[in-house]
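An overview of the molecular structure
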Amino acid sequence: MALIELKNVIKTYTLGETTTVALDGINLEIEQGELVIIYGPSGAGKTTLLNLIGGLDIPTQGEVIAADIPVSTLSAQWLTVYRRKKVGVVFQFFNLISRLTALENVEYSLELVGVKEKYKGKDKVSFNSKVIKKKAKEYLEKVDLGDRMNHFPSQLSGGEQQRVSIARALAKEPEILLADEPTGNLDYNIGRKILELMEAMTGKALNRTVFIVTHNDAICPLGDRVIRLSDGQIIENYTQEYTPAKELYW
Ligand SMILES: Nc1ncnc2c1ncn2[C@@H]1O[C@H](COP(=O)(O)OP(=O)(O)OP(=O)(O)O)[C@@H](O)[C@H]1O
Ligand SMILES: [Mg+2]
């Protein structure tokens, strides 16, 4: 069975007298280990789609199933458990905790789920604070923020905040990684490095499933699958031989 399945998903938002149809009859099947690019213009429904897959919101109609979990019918309490245990999110607008430093932001998300380790050949989850700090530092270094770990979000540039948000999501090594415009505020070199990290998540060692939302068609070749959204509908959904991030130019 597919890792993620959406069946006839509709999402509408009503504000006063106006109803917006953000997603209009979405059907999708995504296999474990796929890197999926979601591409489309502003207002197409990209963030809404990620929110439904990540259990941050529930559909108005239809079903979302992920990792055998009926996400669209979970109670608020179980949705929180699902998000914590299965999903990592790079938000379009970062959502960092302002009173925590960069390092503490990453540590905090790991404190909720622990760090997966091999212990005597077996998988184990550790909640040891030293293990958590080590993992948080490792990922902040991977996004080139080794020298900014003790800064608060307000002391970081937009691109640096974005990278903290990326480190926070990647450090969990989540089964499902959702990244909303992860390279939006980054220059080419660091942007490409971030895409390489996301690509690595889908590699053999981890075999995670990754969704990257973008406006930029130059990033589409990175996907095993490309989904084009327009006005809440899928207008293209194709698989391809992907191009590694290190060969992308934009
Ligand atoms: N909470 C909300 N309340 C009302 N309307 C909403 C809400 N969230 C999204 N919408 C509307 O739903 C549609 C899809 O929004 P969405 O944020 O998914 O677009 P997007 O493709 O992510 O756009 P962008 O590229 O600008 O981030 C838009 O018309 C938007 O105005
Ligand atoms: Mg969006």
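Everything that follows concerns the structure shown earlier in this document.
Throughout this description, residue numbers start from 1 for each chain and increase along the sequence as written. A letter from A marks each chain and a number from 1 marks each ligand, given out in the order of writing. Per-residue local features of the predicted model are confined to residues with pLDDT of at least 70, and side-chain atom pairs are confined, for both listing and counting, to 80 or more; whole-chain, interface and lining totals are unaffected and use all residues.

We now examine the sheet that holds strand 10 (residues 209-214). Strands are treated as partners if at least two bridges between them are detected by DSSP. Numbering of helices and strands runs from the N terminus, with a helix taken as a DSSP run of H or I at least four residues long and a strand as a DSSP run of E at least two residues long. Strand order in the open sheet formed by six strands is 6-9-10-3-11-12, and the pairing between neighbours is mixed. Edge strands, defined here as strands with exactly one partner in the open sheet, are strand 6 (87-90) and strand 12 (233-239). Strand after strand, the sheet turns through a mean of 15 degrees between neighbouring axes, direction not considered. Each residue gets a C-beta atom placed from its backbone, and two residues are in contact if those atoms lie within 7 Å. Helix axes are fitted only over the stretch in contact, all axes being lines through C-alpha atoms; the angle between N-to-C directions runs from 0 to 180 degrees. In this fold helix 5 (residues 158-171) packs onto strand 6 and strand 9 (176-180), with an angle of close to 170 degrees to the strand it touches most, strand 6.

By size, the foremost hydrophobic cluster in this structure holds 64 residues, and its most contacted members are I53, A167, L178 and F211. With six residues, helix 5 is the largest single contributor of residues to this core. Residues in contact with L178, not counting those within four places in the same chain, are L50, I53, G54, V87, V89, V90 and F211. Any nonpolar core is a set of buried residues, restricted to Ala, Val, Leu, Ile, Met, Phe, Trp, Tyr and Cys, that join up through C-beta atoms within 7 Å. Using C-beta atoms placed from the backbone, we call a residue buried if 20 or more other C-beta atoms fall within 10 Å of its own, exposed if 12 or fewer do, and partly exposed for counts in between.

Attention shifts here to the site of ligand 1. Taken together, 13 residues sit near ligand 1, with Y13, A22, S42, T47 and T48 positioned nearest. Contributing elements (two or more residues each) for the shell around ligand 1: strand 1 (4-15), strand 2 (18-30) and helix 1 (46-53). A per-class count over the shell around ligand 1 returns four nonpolar, eight polar and one charged. Each residue gets a C-beta atom placed from its backbone. If that atom is within 6 Å of a molecule or strand, the residue is near it. Nonpolar residues are Ala, Val, Leu, Ile, Met, Phe, Trp, Tyr, Cys and Pro. Charged residues are Asp, Glu, Lys and Arg, and all others, Gly as well, are polar.

All right, on to the environment of Y82 then. Within the fold, Y82 resides in helix 2 (residues 76-86). By the C-beta count within 10 Å, which is 19 here, Y82 ends up partly exposed. Taking the C-alpha atoms as reference points, Y82 and L56, separated by 26 residues in sequence, lie 9.8 Å from one another.

Another aspect to go through is unusual backbone geometry. Across the chain, the bulk of peptide bonds are trans and the bulk of non-glycine residues have phi less than zero. The phi angle at D68 is positive, at roughly 70 degrees, despite the residue not being glycine. Although it is not a glycine, N207 adopts a positive phi angle of roughly 55 degrees. One can find N207 in the loop between helix 6 (188-201) and strand 10. Judged by C-beta crowding, with 12 C-beta atoms within 10 Å, N207 ranks as exposed.

Attention now moves to the packing of helix 3 (residues 102-113) against helix 5. Relative to each other, helix 3 and helix 5 sit at 25 degrees, their axes nearing to 9 Å. With respect to their mutual orientation, helix 3 and helix 5 come out roughly parallel. Once helix 3 is placed against helix 5, the crossing between them reads as right-handed. Across from A102, N105, V106, S109 and L110 in helix 3, the residues of helix 5 making contact are V164, A167, R168 and A171. In the contact of helix 3 with helix 5, the residues fall into six nonpolar, two polar and one charged. Between 65 and 115 degrees an angle is taken as roughly perpendicular, under 35 as roughly parallel, over 145 as roughly antiparallel, and anywhere else as oblique. In this scheme the crossing of two helices becomes right-handed for a clockwise turn of the near helix relative to the far one and left-handed for an anticlockwise turn of less than a right angle.

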